[in-house]
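What the coordinates show
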Amino acid sequence: MTQKPRFVLFTHNATYDKLHQAATLGLTAAAMGKEVIVVLLFWTIKKLAEGKIDDAERRLRELINNQPQFCAPYIALSEHKRSRGNLEEATELLIKGYRATRNAVFLIKLEDLGVETVNPQSVIGVYTELLQEFPSDFDANLFMGKFLLRLEMNDEAVEQLLKAETLDPERESVHILLAEALRRRGRYESACQHYQRA
């Protein structure tokens, strides 16, 4: 079952002309058959900028509790925690967001956090934990393989990417990554086959 394409619009200002533009864009996207989500973040961002952290954090946590399928508050709060040096809580928010939404944006942010902090073992640990919880999750398998490939752990990357391929053999992203991993292992014929499938 394919999911309806989403159009997410973040508005950071509350002037009439900007809200009118946001409404126009949202209505146009809806007319094109997309699911439209409009996020009004001005006041939360203002609170963060003014240093009124507790209120902004409270609002973001309320959004997470009231709208657990909505990705933006997890990411905003995680970024805030990250900027304050609280990497453990930033990571936990990303994991919680992934568990609630299964959106790959959280895996991208987790990988960025692991690379930025030069702590790849913690990212591998997070992926391992997520794969124990969601063994048939294509994105978790793909991103684990991608991260292992990035670390030049080529044998492990091939093994993980082959698992992802069995879950969704038609996704071109897995074939591109498999081709690169196989090329690095000197398995050029297999690599060419995956490049062709991509």
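Quick note: structure is the one above.
Analysis parameters
Residues numbered from 1 in each chain as written. Predicted model: local features only at pLDDT ≥ 70, side-chain atom pairs only at ≥ 80, totals over all residues. Heavy atoms only, no water. Phe/Tyr/Trp six-rings, centres within 6.5 Å; stacked < 30°, edge-to-face > 60°. Helix = DSSP H or I, 4+ residues; strand = E, 2+ residues; numbered from the N terminus. Buried < 20%, exposed > 50% of the residue type's maximum accessible area, 1.4 Å probe, protein only. Lys NZ or Arg CZ within 6 Å of the ring centre and 35° of its normal. Expected span 1.5 Å × (residues − 1). Arc of directions from axis to C-beta. Contact = heavy atoms within 4.5 Å. Axes fitted to C-alpha atoms, helices over the stretch in contact; angles between N-to-C directions. Parallel < 35°, antiparallel > 145°, perpendicular 65-115°, else oblique. Left-handed = near helix turned anticlockwise from the far one by under 90°. Nonpolar A, V, L, I, M, F, W, Y, C, P; charged D, E, K, R; others polar. Salt bridge = Lys/Arg side-chain N within 4 Å of Asp/Glu carboxyl O.

Considering all chains together, one arrives at 3 aromatic pairs under this definition. Between Tyr-98 and Phe-134, the ring centres sit 6.3 Å apart and the planes meet at 75°, which makes this aromatic pair edge-to-face. Highlighted residues: Tyr-98 in helix α5 (residues 87-101) and Phe-134 in the loop between α7 (120-133) and α8 (138-150), separated in sequence by 36 residues. No difference in accessibility class separates Tyr-98 from Phe-134, as the two residues are buried. Lying across the ring of Phe-134, Arg-102 places its NZ or CZ 3.9 Å from the centre.

The next subject is helix α6 (residues 105-116). Under the 1.5 Å per step criterion, the end-to-end length of α6 is 16 Å for 12 residues, consistent within 8% with the ideal 16 Å. If you check which residues of α6 are buried, you get Phe-106, Leu-107, Leu-110, Glu-111, Leu-113 and Gly-114. Viewed along the axis of α6, the buried residues span an arc of 160°, placing them on a single side of the element. Against α4 (71-83), α5, α7 and α8 lie the buried residues of α6. Positive phi shows up at Val-118, right after α6, with a value of about 50°.

Orientation of α8 relative to helix α10 (residues 172-184), taken along the N-to-C sense of each, is 30°, at an axis distance of 11 Å. When the axes of α8 and α10 are compared, the pair comes out roughly parallel. As α8 packs across α10, the resulting crossing turns out to be left-handed. Here Phe-138, Leu-142, Lys-146 and Leu-149 of α8 come into contact with α10, specifically with Ser-173, Val-174, Leu-177, Glu-180, Ala-181 and Arg-184. Considering only residue class, the contact of α8 with α10 consists of 6 nonpolar, 1 polar and 3 charged.

Moving on, we come to the packing of α8 against helix α9 (residues 154-167). Relative orientation and spacing of two packed helices are given, respectively, by the angle between their axes and the distance between those axes. Contact geometry for α8 and α9: axes closest at 8 Å, N-to-C directions at 160°. The orientation of α8 relative to α9 falls into the category roughly antiparallel. For the crossing formed where α8 meets α9, the hand is left-handed. For the pair α8 and α9, contact is made by Phe-138, Asn-141, Leu-142, Met-144, Gly-145, Lys-146, Leu-148 and Leu-149 and by Asn-154, Glu-156, Ala-157, Gln-160, Leu-161, Lys-163, Ala-164 and Leu-167, respectively. Of the residues assigned to the contact of α8 with α9, the class counts are 9 nonpolar, 4 polar and 3 charged.

Turning our attention to α7. Over its 14 residues, α7 runs 20 Å from end to end, which matches the ideal 20 Å to within 8%, given 1.5 Å per residue. All of the buried residues in α7 are Val-123, Ile-124, Val-126, Tyr-127, Leu-130 and Leu-131. Here the buried residues of α7 occupy an arc of 160° about the axis, which is enough to place them on one side. The outward face of α7, more than 90 degrees from its buried face, is lined by the exposed residues Gln-121 and Gln-132.

Moving on, we come to the pattern of salt bridges. In this structure the tally under the stated criterion is 19 salt bridges. For Lys-109, the salt bridge is made with Glu-79, and the minimal N-O distance between the two is 3.4 Å. Here Lys-109 is found in helix α6, whereas its partner Glu-79 is found in helix α4, with 30 residues between them in sequence. The partly exposed category is assigned to Lys-109, whose relative accessible area is 23%. Among the ionic pairs, Glu-180 bridges to Arg-183, the shortest N-O distance being 2.5 Å. Placement of the pair is Glu-180 and Arg-183 together in helix α10, with a separation of 3 residues, close to one helical turn. Each of Glu-57, Arg-61, Lys-81 and Glu-89 takes part in salt bridges that share partners, so that together they form one network.

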